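# Fold and contact review
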Amino acid sequence: MDAKMKVERAAAGAAIDGVLKYVNHGDDRTKALLNLTDFVQKFTGNMFAEKTFDNIRTMLQNPDNKWVQYVNRGLDELDPQVIKMTALNLGFQAAFVGTKQIRMNRERYNCNIPWTMLMDPTSACNLHCTGCWAAEYGHKLNLSYEKLSDIISQGKELGTYFYMFTGGEPLVRKKDILRLAEEHHDCEFHCFTNGTLIDEEFCEAVQKLGNISFSLSLEGFEEVNDGRRGEGIFDKVLAAMDLMKKHGLLFGTSICYTRANLETVTSDEFLDLLIEHGCRYSWYFHFMPVGMDAAPELMPTVEQRKYIYHRLREIRSDKSDKQIFVMDFQNDGEFVGGCIAGGRNYCHINANGDVEPCVFIHYSGANINEVSLIEALQQPLFQAYRDGQPFNRNHLRPCPMLENPELLREMVEKTGAKSTDLQSPESAEHLCGKCDLYAAEWKKAADELWAENPHHKQRYENYKKENLDEEAKASTEEILSGIRG
């Protein structure tokens, strides 16, 4: 870290301390938050619109606002070290410093540079959940501590300061994760975990470090969850939440929604349970038919996907009293410009070292044990992603596999990328074949949803002009042929 960055980081830390100093004083807290807003606006310059900060100031001065109450509850319940390190590393280091570095390096290296990276420290897991795609890798693969640390060091040189751990079960390697968080104290770390290995000693260590957050896997209430994950797992996850809440840690849930559980995991009762046990957010992931044994019939119906699209926006709105921030990896594409994989905003490194465009897309042409990180990001498959993004002008159809399966087929074939599933390699044709019907059925509904939103209307009209469906193309060609004849 150079001298200028050290000074800027110290200034940001002092501003955060100014808020935490008044954490138990209502009026003073509001004033401190407003001062912090002023500091961030001045510090970031023109990175964000002035209107953004004006809206924040207006919101902060309304004690009845749901998100003000959400922030205040966080300040009351989270450990001060967790608040400070999360704000410093995720806010200052990743969002401010890192974003500037990433933009520069994208130009320098002529490739995508990710804002965050997902890594599998191990393929091992203490559970064996039905239908888990991670289990396809087996249980014997690991990235060494030295390799994990080296990847992070290389990433920081490029501007990447946010690292997520998946698996397998990443907390099988929890001592190494703690060590990484201590060594790379300027980075933010996040673990997607089943929660069963979280104990008092681990929580105390995380509380002291402050730069690790968590998403715990749940599939619904006890009967459904334990039916897939094993008897007693639901109670163990809730106990882990209570333990983390006691230590002031930052955590939420990671929920795979399917045709079978979608309504349950978005219900008021389920959300109230999560909030009661200290969850601040919930990631929702659309079921992906990845792997030779995947069951496409678990993919949500068109009506179900329309329902969750509207339901999560309702939960986020001021009309809802649910103080939890919900995100949908598939249906929130409009906020991030479509697909973010292939290094555009994130990529995935599995426990064998294969650098994949997405945690759900198991193809690669580069292994981190054989090439540098920048060389892996410049691999042909990633460059094909870069050239093709966004894969659809309708960002409710963002994925080159799920909603545009013909595109993943083409990219894998043209780049020569290989399946990275070491147990049961799956061709892109086989994988995408499971998505063809789904993509066709979702297209009409997605286009209607896109057209309904006034913010999307002009983009939608442009999209319709430039992306006629196959039937329209055929009709046009027939008419032209008749004219030419």
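Above: the structure in question.
My aim in this report is to walk through the structure given alongside it, one point at a time. Keep in mind that this is a model prediction, so the values were computed, not measured.

### Structural notes on the pattern of salt bridges
When their charged atoms lie close together, side chains carrying opposite charge are able to pair. Taken as a whole and assessed by the stated rule, the structure comprises 26 salt bridges. Here Glu 314 makes a salt bridge to Arg 311, at a shortest N to O gap of 3.4 Å. Of this pair, Glu 314 and Arg 311 are both found in helix α13 (residues 302-316), three residues apart, which corresponds to roughly one turn of the helix. Residue classification places Arg 311 among the buried positions, given a relative accessible area of 9%. The closest approach of N and O atoms between Lys 322 and Asp 321, which form a salt bridge, is 3.2 Å. The class of Asp 321 is exposed, set by a relative accessible area of 58%. A cluster of three or more residues bridged by salt bridges with shared partners is formed by Arg 313, Arg 316, Asp 332 and Glu 334.

### Some words on the state of the cysteines
Under the criterion given, the structure shown has zero disulfides. Unpaired in this structure, Cys 399 has its nearest cysteine sulfur neighbour in Cys 339, at a distance of 6.3 Å. The buried category is assigned to Cys 399, whose relative accessible area is 11%.

### Notes on the sheet that holds strand β3 (residues 188-193)
Strand order in this open sheet of nine strands is β7-β6-β5-β4-β3-β2-β1-β8-β9, and the pairing throughout is mixed. Whereas interior strands pair on both sides, the edge strands pair on one side only; in this sheet they are β7 (325-328) and β9 (355-356). Seen against the sheet, helix α12 (residues 268-276) touches β5 (251-257), β6 (281-286) and β7 and runs at an angle of roughly 150° to β5.

### Details of the environment of Ile 324
In this structure, Ile 324 sits in the loop between α13 and β7. On a C-alpha basis, the gap between Ile 324 and Lys 66 in space is 9.7 Å, while along the polypeptide they are 258 residues apart.

### Some remarks on the pairing of β7
With four bridges joining them, β6 and β7 adopt parallel strand pairing. Each residue of the ladder has a partner; that of Tyr 281, found in β7, is Phe 325. Crossover β6 to β7 through α13 is right-handed.

### Section: the nonpolar core
Most often, soluble globular proteins have nonpolar side chains that are buried together. Residues Ile 212, Phe 214 and Leu 408 are the most contacted members of the largest nonpolar core, which totals 132 residues. If we ignore the near neighbours within four places in the chain, the residues touching Leu 408 are Ile 361, Tyr 363, Tyr 385, Pro 400, Met 401, Leu 431 and Cys 432.

### Remarks on the packing of helix α5 (residues 80-109) against helix α8 (residues 200-209)
Direction vectors running N to C along α5 and α8 enclose 55°, while the axes themselves pass 7 Å from each other. One element, α5, and the other, α8, form an angle in the oblique class. Where α5 abuts α8, its residues Gln 81, Val 82 and Met 85 lie against Gln 207, Lys 208 and Leu 209.

### Digging into the packing of helix α7 (residues 174-183) against α8
Taken N-terminus to C-terminus, the directions of α7 and α8 make an angle of 10°; their axes are 10 Å apart at the nearest point. As summarised for this structure, α7 and α8 are arranged roughly parallel, according to the angle between their axes. Taking contact as the criterion, the partners of Lys 174, Leu 178, Ala 181 and Glu 182 in α7 are, on α8, Phe 202, Ala 205, Val 206 and Leu 209. Residue composition of the contact of α7 with α8, grouped by class: six nonpolar, no polar and two charged.

### As for α13
The end-to-end C-alpha distance of α13, which contains 15 residues, comes to 22 Å, matching closely the 21 Å that a straight helix rising 1.5 Å per residue would cover. Buried residues of α13: Gln 304, Arg 305, Ile 308, Tyr 309, Arg 311, Leu 312, Arg 313, Ile 315 and Arg 316, and no others.

### Concerning helix α1 (residues 3-21)
The first and last C-alpha atoms of α1 sit 27 Å apart over 19 residues, in line with the 27 Å expected at 1.5 Å per residue. What α1 keeps buried is the set Met 5, Glu 8, Arg 9, Ala 12, Gly 13, Ala 15, Ile 16, Val 19 and Leu 20. In an axial view of α1, the angular spread of the buried residues amounts to 160°, which keeps them on one side of the axis. Exposed residues lying more than 90 degrees from the buried face of α1 are Ala 3, Lys 4, Lys 6, Val 7, Ala 10 and Lys 21.

Cut-offs and rules
- Residues numbered from 1 in each chain as written.
- Predicted model: local features only at pLDDT ≥ 70, side-chain atom pairs only at ≥ 80, totals over all residues.
- Heavy atoms only, no water.
- Salt bridge = Lys/Arg side-chain N within 4 Å of Asp/Glu carboxyl O.
- Helix = DSSP H or I, 4+ residues; strand = E, 2+ residues; numbered from the N terminus.
- Buried < 20%, exposed > 50% of the residue type's maximum accessible area, 1.4 Å probe, protein only.
- Disulfide = S-S within 2.5 Å.
- Pairing = 2+ DSSP bridges.
- Contact = heavy atoms within 4.5 Å.
- Axes fitted to C-alpha atoms, helices over the stretch in contact; angles between N-to-C directions.
- Right-handed = clockwise from strand over helix to strand, strands pointing away.
- Core = buried A, V, L, I, M, F, W, Y, C linked by side-chain atoms within 4.5 Å.
- Parallel < 35°, antiparallel > 145°, perpendicular 65-115°, else oblique.
- Nonpolar A, V, L, I, M, F, W, Y, C, P; charged D, E, K, R; others polar.
- Expected span 1.5 Å × (residues − 1).
- Arc of directions from axis to C-beta.

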